[in-house]
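Residues per chain are reported as follows:
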Amino acid sequence: ARAMGHRGMMEGSSRGGRRRRRCLACAALCAALLLSTVGPSAVLMSVPQDDTRSRTRGLWGFNSAWELFKLHVAGSACYLSCIVEEQCTCQREIAVVQEVRQLFEESRRKKAGLGIGAAAGRAAPNAEETAAAAQLEGLAPLAIKIEVCNGLINQRIALLEGIALGVILGAQVLLPVHMPFNGVELPKQPTRTMDRNLQRLERMFDLDALQAGATELYRDHWCKRSDEPASKTWCHGFQRPALLYGNATEAMEDAISILGRKRRNVLSLQWGAGAKSEALSVLEAAQREFYAGVANLGGDAGSPHVLLDLGCTLFSLAVDETTESWSIFWRLNRHLKHESDVHEQAAAVKAHLASLVVAAQEKAATFGFAAPPLEGGAPGYNVLHLRAEEDWQLHCVAWMGLRDGNHRDNCMNNTMLVHNVLLSEGVHPGVPLYIATGLTRAELSAVRIEGPLGSPGLVGLQPLFELFTVALKEDVIDLHPSWATEQREFYAAVDYELAQGSRTFVGNSVSSFSAFIIIDRYRHSRPSLHYNGGNIPLAEDFVKPVKSLSVPTLRQPLKWVFALNVNNASDVSNTFWEMTKVAVISAKRQTDLVAVCVTTAPPTSPVAQWLVGHGVRVIYHRPTWADELVQRVESKGAEEKMRSHLSADPDAMLGTFLRIEVPVLGLLDEFVLYTDVDVMFTGHVDWDVILGQDKYSALRGSTDFARGKGLSRGGRAGVRDLPLYFSASSEMEKSRLPGRLNAGVMLLNMRALRESYDAFRDFIFSSSSLDWPAGPGDQGAYKTFYSETSVTWSESEGRHTTLTPIASFLPFELNWKTYWPRNDFARIIHFHGPKCQSDIIPYKTRAEVTMPVFEDILEDCARNGDCYRLCEEFFSYLGGG
């Protein structure tokens, strides 16, 4: 089947190639048939009245095998090509069925006293064959030979799935003798060769411990199935080992080779790994028939042996939490332990991490962090599995370029922004951070990832080292210069042991290494996350938990993001700083929102320290365009500055424009709630409030966005739904019309805004002004760029162009204005325009209007609004904060 597959690919458009490809769908069924046909033959041989029917149908001839073949593949693609179209290319598989039948016939004749030589006209066994036959006594009637491939975790999965197949089929497993210690996979390049550095399997794994656990599992599995023929092999009498490995594998392979050449009671069959998972149910039925045949020959002693050579068994079994394969797989994983050398190296790194605890806590304290709580009586450590090596970058280019219908967009995401991911996800800088990587400290400081997979302009991971106390292998282990190639998998095993013992594990979900650990930690309810966001391919397709581990479309609790510009380290307007404090304190008291602040303040500034001390997750960021924006504001004319109360304040303008950076700073969420700092929370805010209970219930738990589904969905403009780009509520008057929206409170579609970020930024800074057709400042930029244009014409006005923002609707209660009447159901109060300290209280106490642009609003506030009462509540938060 493998050979035919290669030819089919090469012959592409040829008729013969198409026929071969059609037949590949039944390759596994053909292999299963090799086993399923032997049982009925043995049963027929033991019942006299069936002999006549056997002879009539030509049981041992081609026709019988052909009919049984049709029986097992009816309805399949191979059946259609072979039977209906009569263009079958699977005769070779049918011929091999005949080989298995002949093997059982010889065994039957031997049992009947005819002897193999008499049956087949062969000479008696020689000394070599006699010794091989003695060796064969340790082999179960049905056995499978497996191999491993790729990197450490893929090799681990291949071992676990291969042995799990053995358990399910009642087949003894011949483990590989060697494994690659350099399992790196590079795209095909004619100038590069790979040295796999093959080492014996026991150099990596404690195979004795695996043997004990696997043999116990076989017994438990088959003793619960006493009515199955295979239980006689694995549950009753002599307890044979479940696994053969090392020298035992080599000796058994030699014996099989000797006896197989002479057809002495053994048949070795090649079976490619391509479609085994789909054929498992057929295989299970086949092994029942096989063991029934063995029983009819009088049991294991003297019975024929069939060995299936499966090759690399990576992803050969569908491991699903809803099936028994899940418990078998993970029980085997518990017994697949690394050798003592791996544990010794991991222990040395753990000791080093423990010595860094005080330094980590002291550094974190300068940022405003309190000491982290102990876990199990110890501070512990965190692990970051960071993939940025050359082979990974090449792999991602190839992987994301595949066009196979699967969603592939997150292979390198956030690599250069991983420090922001850690901070926004609440990973404490006071806990030492071990980076599991194939790069050195110097290489991490110089890494650059550009193009469609990277972050243009960013060089090195220096912010990660500045904010966290970092440890690497090189800090502890005396590494050989070629450690990252020749001993790649050994040190990956050290990383694996460290990851398993960490407080929080952070990895790249496209990496099998990270994905496997995330799935395993899910089983034990231990915290983990993937810094690249999106889905986890391994968990979606191969090792499938009941709960999706991809980033949910609607994460709960919801992240609330705000931006704060701080000039000269700690200088911030007292009015804006007090509003920020009220926003933070009220959100903490009234909601369970996860507060995230994007600020230009340095980490050690009093502003940043206060935010961290009040539970805000802070991202320290100054945009590359900040100076240009400030210069534009400062150069505005007097008339232009009158269009907005922010237009004359460069610092305030930079603070509000910071919001355009939110989608590109490494937040994992598909949607976040953004507000200006001049808000006060007066009630709970969650997805029920934002979308309505019915719509939220329909989307709860969904991971559609992470899996590439629903990316283009978005409610129509003015409709309460998930936004195509953003949702907002109205400005001065309560209106659902998108053209009258206010950007002070927004629900951001992070994926869509991230994908359009470059174009949006270029749109803003390609203009000589900060005023746009839809209005001034960042709000005008959003309403102009993310809009639909319609053109109308009339005789009186001529041509008229209308811009309609593509914005979904947020309930009024999420952007309730102080100058509107009192609303006890309002959840977010927006001090839009006049502020308590500088405008509302002076007007109330002295009838003073500090900014003429606010005079009408202040009059409305005094007549019909609720601003005085809300300001009292505002100041109460300051008094208690």
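In the block above lies the structure referred to throughout.
Residues numbered from 1 in each chain as written. Predicted model: local features only at pLDDT ≥ 70, side-chain atom pairs only at ≥ 80, totals over all residues. Heavy atoms only, no water.

J.: Can you lay out the packing of helix 27 (residues 574-590) against helix 28 (residues 606-613) for me, pointing to particular residues and giving the numbers?
T.: Contact geometry of helix 27 with helix 28 gives a least axis separation of 11 Å together with a crossing angle of 15 degrees. It follows from the interaxial angle that helix 27 and helix 28 lie roughly parallel. Like other packed secondary-structure pairs, helix 27 and helix 28 cross with a definite hand, here right-handed. For the pair helix 27 and helix 28, contact is made by Trp-577, Thr-580, Lys-581, Val-584 and Ile-585 and by Val-607, Trp-610 and Leu-611, respectively. Of the residues that constitute the contact of helix 27 with helix 28, the class distribution is 6 nonpolar, 1 polar and 1 charged. (Axes fitted to C-alpha atoms, helices over the stretch in contact; angles between N-to-C directions. Helix = DSSP H or I, 4+ residues; strand = E, 2+ residues; numbered from the N terminus. Parallel < 35°, antiparallel > 145°, perpendicular 65-115°, else oblique. Left-handed = near helix turned anticlockwise from the far one by under 90°. Contact = heavy atoms within 4.5 Å. Nonpolar A, V, L, I, M, F, W, Y, C, P; charged D, E, K, R; others polar.)

J.: Got a sec to walk through the packing of aromatic side chains? Specific residues and values, please.
T.: What characterises a pair of aromatic rings is the spacing of the ring centres plus the angle enclosed by the ring planes. What the rule picks out here adds up to 30 aromatic pairs. Sitting over the ring of Phe-809, Arg-736 keeps its end group 4.1 Å from the ring centre. Just above the ring of Tyr-868 sits the side chain of Lys-844; from NZ or CZ to the centre is 5.0 Å. (Phe/Tyr/Trp six-rings, centres within 6.5 Å; stacked < 30°, edge-to-face > 60°. Lys NZ or Arg CZ within 6 Å of the ring centre and 35° of its normal.)

J.: Could you give me a rundown of unusual backbone geometry, with the residues and numbers involved?
T.: Cis geometry marks the peptide bond from Gln-556 to Pro-557; its omega dihedral reads 5 degrees. Take Pro-557: it is sitting in the loop between strand 14 (543-544) and strand 15 (559-564). With phi around 60 degrees, Phe-315 is a residue other than glycine that occupies positive phi space. Residue class for Phe-315 comes out partly exposed when judged on its relative accessible area of 25%. Phi angles above zero are rare outside glycine, and Ala-847 is one such case at about 55 degrees. Within the secondary structure, Ala-847 is located in the loop between helix 37 (836-846) and helix 38 (855-863). On the accessibility criterion, Ala-847 (56% relative accessible area) is exposed. (Buried < 20%, exposed > 50% of the residue type's maximum accessible area, 1.4 Å probe, protein only.)

J.: So what about the sheet that holds strand 21 (residues 741-749)? Which residues, and what values?
T.: Overall, mixed pairing links the 7 strands, which are arranged 17-16-15-18-21-20-26 in an open sheet. Single-partner strands in this sheet number two, and they are strand 17 (617-620) and strand 26 (807-809). With strand direction ignored, the average angle separating the axes of adjacent strands in the sheet is 30 degrees. In the sheet, strand 15 pairs with strand 18 (residues 671-675) via 2 bridges, with the strands oriented parallel. From the neighbouring strand, Val-561 faces strand 18, where its bridge partner is Tyr-674. Its contacts with the sheet put helix 36 (residues 777-785) on strand 20 (726-730) and strand 21, and the angle it makes with strand 21 is roughly 60 degrees. (Pairing = 2+ DSSP bridges.)

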